[in-house]
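# Fold and contact review
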Amino acid sequence: MRALLTSKWTKVAVFFICLIPLGALVWRGFNHGLGANPVEFIQLTTGDWTLRFLVITLSITPFRKMLNLPDLIRFRRMLGLFAFSYLCIHFLTYLFLDQSFDFAAIWKDIAKRPFITVGFLGFLLLLPLAITSTAGWIRRLGGKRWQMLHRAIYFAAVAGVIHYYWKVKSDVRMPLFYGALVGILLLWRLRDWFFKRRSATGAKLSPQHAPANPAP
Ligand code: HEM
């Protein structure tokens, strides 16, 4: 398994698999397969894939730890960047095809429709993460600060779920399903964090770590 996960070719294969939804969209576009409302079709498809990639990215750490597969980390950055790329197509479709780059109308829409406001917040949260996803930025920010910043992905995923929930209005089964997934991943992370803190405090208090000549 380790050989498979560390192979350059696995990464290349995952990269091309992640491009399939985009390829399918382009193929449909050239074959009149986008339905009666192509703009809506592109928006819904790219919105769905943004959320799927966010959930997959957030699942990497729990799976790494539970299955004892540390090499899964090699795919996390790429998957996160795919989430952001599908979001960019989603956002650009809205800006260009839906609103024709009419910035006055766009600001009005962002301020007026709560589901758009929350979606935009999700975009704003993910933007710095995409920018600082390189090794250079990890070095510049320092591991701890970089990690803190990148926790914003959880808030972006929550914003994405609320955006979806407010958008669908009647059949809320899918947004609730994604909400449950994000909730489980968030709880797992909090539990992990809680145990790490507890063992760090325990280590500090243990006799091994006590000062050699404690004050009387
Ligand atoms: C983290 C960020 C975001 C996520 C995860 C996300 C996800 C989604 C999802 C899942 C849908 C519904 C898909 C369906 O019903 O099958 C959707 C719809 C939509 N999103 Fe987003 N979105 C995000 C950000 C944005 C932003 C920044 C905008 C624009 C400002 C936007 C505009 C829209 C619009 C207009 C629709 C409705 C499309 C329609 O009904 O024609 N979204 N989005």
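Notes on the structure follow. Keep in mind the model is a prediction, meaning the values are calculated, not measured.

## Considering the coordination of the iron atom of the ligand
With distances of 2.0 Å, the protein atoms coordinating the iron atom of the ligand are His90 (NE2) and His163 (NE2). If you look at the iron atom of the ligand, its 6 donor atoms make angles of 86 to 179 degrees with each other, and the shape they trace is octahedral. One end of the pair, His90, is in helix H4 (residues 76-98); the other, His163, is in helix H9 (residues 152-168), and 73 residues separate them in sequence. Look at His90 and you get buried, because its relative accessible area is 17%. The exposure class assigned to His163 is buried, which follows from its relative accessible area of 17%.

## Examining the site of the ligand
With respect to spatial proximity, 22 residues lie near the ligand, and among them Glu40, Asp48, His90, His163 and Lys167 are the closest. Cavity membership is defined here by more than half of the atoms lying within 2 Å of grid points; on that basis the ligand lies in the second largest pocket. Per-element accounting of the shell around the ligand gives the leading share, 7 residues, to helix H3 (residues 38-66). When its residues are assigned to classes, the shell around the ligand shows 11 nonpolar, 8 polar and 3 charged.

## Quick word on the environment of Leu44
Residue position: Leu44 is located in helix H3. On the basis of relative accessibility, which here comes to 38%, the residue Leu44 falls in the partly exposed class. As a C-alpha pair, Leu44 and Ile162 span 118 residues in sequence and 15 Å in three-dimensional space.

## Observations regarding the packing of aromatic side chains
Here the structure, examined in full by the defined rule, presents 16 aromatic pairs. Considering the side-chain rings of Phe15 and Phe16, the 5.4 Å spacing of their centres and the 90 degrees angle between planes classify their relative orientation as edge-to-face. The partly exposed category is assigned to Phe15, whose relative accessible area is 35%. Judged by centre distance (5.5 Å) and plane angle (50 degrees), the ring pair of Phe96 and Phe101 falls under tilted. Put simply, the rings of Phe15, Phe16, Trp49, Phe53, Phe82 and Tyr86 touch in pairs and so form one group of aromatic residues. Taking the ring centre of Trp49 as reference, the NZ or CZ of Arg52 above it sits at 4.5 Å. One cation-aromatic arrangement involves Arg74 over Phe75; the distance from NZ or CZ to the ring centre is 5.8 Å.

The rules we used
- Residues numbered from 1 in each chain as written.
- Predicted model: local features only at pLDDT ≥ 70, side-chain atom pairs only at ≥ 80, totals over all residues.
- Heavy atoms only, no water.
- Donors = N, O, S within 2.8 Å, 3.2 Å for Na, K, Ca; no water.
- Tetrahedral: all angles 85-135°; square planar, octahedral: opposite > 155°, others 65-115°.
- Helix = DSSP H or I, 4+ residues; strand = E, 2+ residues; numbered from the N terminus.
- Buried < 20%, exposed > 50% of the residue type's maximum accessible area, 1.4 Å probe, protein only.
- Near = heavy atom within 4 Å.
- 1 Å grid on protein atoms, 1.4 Å probe; cavity = no way out; pocket = protein on both sides within 12 Å on 5 of 7 lines; lining within 4 Å.
- Sits in = over half its atoms within 2 Å of the grid points.
- Nonpolar A, V, L, I, M, F, W, Y, C, P; charged D, E, K, R; others polar.
- Phe/Tyr/Trp six-rings, centres within 6.5 Å; stacked < 30°, edge-to-face > 60°.
- Lys NZ or Arg CZ within 6 Å of the ring centre and 35° of its normal.

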